[in-house]
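# Structural overview
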Amino acid sequence: MLITTLADLHQQVAAWKAKGESIGLVPTMGALHAGHLSLVHAARAECDRVIVTIFVNPTQFNSAQDLASYPRTEAADAALLAPLGVDVIFAPAPDQVYPAGFATQITVSGVADPLEGALRPGHFAGVATVVAKLFGMTQADRAYFGQKDWQQLQVVHRMVADLNMAVQVIGCDTLREADGLAMSSRNARLSAQARAAAPALYAAMTAVAASVTAGGQADNALKAARKALLDAGFERVEYIALHDGETMQPSTDLSRPLRLLAAAWLGGVRLIDNVAVTPAP
Ligand code: AMP
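Every value quoted in this text rests on a predicted model; they were computed, and no experiment measured them.

## Observations concerning the site of the ligand
Lining the immediate environment of the ligand, one finds 17 residues, of which Met29, Gly146, Asp149, Leu175 and Met183 sit closest. Between the ligand and the protein, one listed contact pairs an oxygen atom with a backbone N or O atom of Met29 at 2.9 Å. Against a free-state accessible area of 490 Å², the protein chains account for coverage of 92% of the ligand. If you list the elements that add at least two residues to the shell around the ligand, you get β2 (23-28), α2 (34-46) and β5 (142-146). Looking at which element gives the most residues to the shell around the ligand, the answer is α2, with three residues. Partitioning the shell around the ligand into residue classes produces seven nonpolar, seven polar and three charged.

Structure, rendered in structure tokens:
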């Protein structure tokens, strides 16, 4: 069922809650692909009711152009979700989410400060605020997020813990194309030439992870990865860096959950990815 107003959503959620049914939430910005669908499958397996939200949240975009050019494919999204047993697709208009007079913002510090937080000022405040609102609107018991957006996942974990939100946050594996490219709504914007070069990102990242876990010098491996990306045709590497996977601070401590994260531009499209850096047992 497609719901577009808060009033209708509240009515549906109240009916489920009255029966004691559990609610799983999958927040998305639409332009759905198999990565999103894997979150829906996880929610479907664990919850009585599943709500997929489709909302291109204006407050998390840094540029009006990026917001305007973000793909919107409502009909195709509905067709992809139809066979999956989703109970509600909630696709509100912006004024349902941000009515006149809206004045509250959730700012997470620490985990939200480096990497995406440093390069996209205000991005995580936009994410945290809309996610908190979606938790409130849907009264979800569980919410499913992709590890593809690793730092975002840590920001949501931090917010939920700090604000005692009664929702369990579940991070799901990154789905990749056969050649390793992480699935993303933005991949649709890649030219054929850029698409052919795009797997270099995951290849470079797995090479760094392998080198570091084998005891190699992190700086050398990261330098080689930057060069490999530029050689493959990437215009610019914004960052490729090792950070603690929970605190998100720079780290090379293999005794902690270590994460390699990258953002790079290819054919005018900004790609992000991350991989675990785990020593062999
Ligand atoms: P988005 O529509 O890009 O905001 O993404 C909605 C959710 O899908 C987020 O929790 C993302 O992390 C997740 N997601 C995006 N791409 C993938 C992927 N390739 N694999 C798994 N989850 C993903």
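## Notes on the sheet that holds strand β4 (residues 88-90)
Reading across the sheet, the six strands line up as β1-β4-β3-β2-β5-β6 and stay open at both edges, with parallel pairing between neighbours. The open sheet terminates on both sides in strands that have one partner only, identified here as β1 (2-3) and β6 (168-172). Of the strand pairs in this sheet, β5 and β6 are connected by five bridges, and their pairing is parallel. Bridging across to β6, Phe145 finds its partner in Gly171. Strands β1, β2, β3 (49-54) and β4 of the sheet are contacted by helix α1 (residues 6-18), whose axis makes an angle of about 145 degrees with β4. Packing against the sheet, α2 makes contact with β2, β3, β5 and β6, and its axis sits at approximately 155 degrees to β5.

## Digging into helix α8 (residues 150-162)
An α-helical turn contains 3.6 residues, so a residue and the one three or four places further along point in the same direction. Between its first and last C-alpha atoms α8 spans 18 Å; for 13 residues at 1.5 Å apiece the expected length is 18 Å, and the two agree. Those residues of α8 that sit buried are Trp150, Gln151, Gln152, Leu153, Gln154, Val155, Val156, Met159 and Val160. Of the surrounding elements, those touching the buried residues of α8 are α6 (116-119), α7 (123-138), β5, β6, β8 (258-266) and β9 (269-277). Just past α8, the residue Asn164 takes up positive phi, approximately 50 degrees.

## Remarks on the domain arrangement of the protein chain
For the protein chain, the assigned domains are domain 1 (2-172) and domain 2 (185-276). Averaged C-alpha coordinates put domain 1 and domain 2 at centres separated by 26 Å. Across the domain 1 to domain 2 interface the summed buried area is about 1700 Å²; carbon plus sulfur atoms make up 53%. Joining domain 1 to domain 2, the criterion identifies three salt bridges. Note that Arg186 is salt-bridged to Asp66, the shortest N-O span being 2.9 Å. Linking domain 1 with domain 2 are eleven residue pairs in polar contact (both at pLDDT 80 or more). If you list the elements that add at least two residues to the side of domain 1 that touches domain 2, you get α3 (64-69), α6 and α8. Ranked by residue count, the leading element in the side of domain 1 that touches domain 2 is α8, at three residues. Tallied by class, the residues present in the side of domain 1 that touches domain 2 amount to nine nonpolar, eight polar and five charged.

## A closer look at the packing of aromatic side chains
Within this structure, the stated rule accounts for four aromatic pairs. An aromatic cluster is defined as three or more aromatic residues linked by ring pairs; in this entry it consists of Phe55, Tyr98 and Phe102. A cation over a ring is seen here: Arg259 above Trp150, with NZ or CZ 3.7 Å from the ring centre.

## Comments concerning the nonpolar core
If you look at the biggest cluster of nonpolar residues, it comprises 42 residues, and the most contacted ones within it are Leu9, Ile51, Val108, Val131, Phe135, Phe145 and Met159. Only α1, β2, β4, α7, β5, α8 and β8 provide two or more residues apiece to this core. Two domains share this core, each providing at least three of its residues, namely domain 1 (2-172) and domain 2 (185-276). Every residue in contact with Ile51, bar those within four places of it in the chain, is listed here: Leu9, Val13, Trp16, Ile23, Gly24, Leu25, Val26, Val88, Phe90 and Thr138.

Reading the values: rules and limits
- Residues numbered from 1 in each chain as written.
- Predicted model: local features only at pLDDT ≥ 70, side-chain atom pairs only at ≥ 80, totals over all residues.
- Heavy atoms only, no water.
- Near = heavy atom within 4 Å.
- Polar contact = N/O pair within 3.5 Å; in protein donor to acceptor, adjacent residues only side chain to side chain.
- Areas by Shrake-Rupley, 256 points an atom, 1.4 Å probe, with all protein chains shown as cover.
- Helix = DSSP H or I, 4+ residues; strand = E, 2+ residues; numbered from the N terminus.
- Nonpolar A, V, L, I, M, F, W, Y, C, P; charged D, E, K, R; others polar.
- Pairing = 2+ DSSP bridges.
- Contact = heavy atoms within 4.5 Å.
- Axes fitted to C-alpha atoms, helices over the stretch in contact; angles between N-to-C directions.
- Expected span 1.5 Å × (residues − 1).
- Buried < 20%, exposed > 50% of the residue type's maximum accessible area, 1.4 Å probe, protein only.
- Domains from an automatic or database assignment.
- Buried area = accessible area lost by both parts, 1.4 Å probe.
- Salt bridge = Lys/Arg side-chain N within 4 Å of Asp/Glu carboxyl O.
- Phe/Tyr/Trp six-rings, centres within 6.5 Å; stacked < 30°, edge-to-face > 60°.
- Lys NZ or Arg CZ within 6 Å of the ring centre and 35° of its normal.
- Core = buried A, V, L, I, M, F, W, Y, C linked by side-chain atoms within 4.5 Å.

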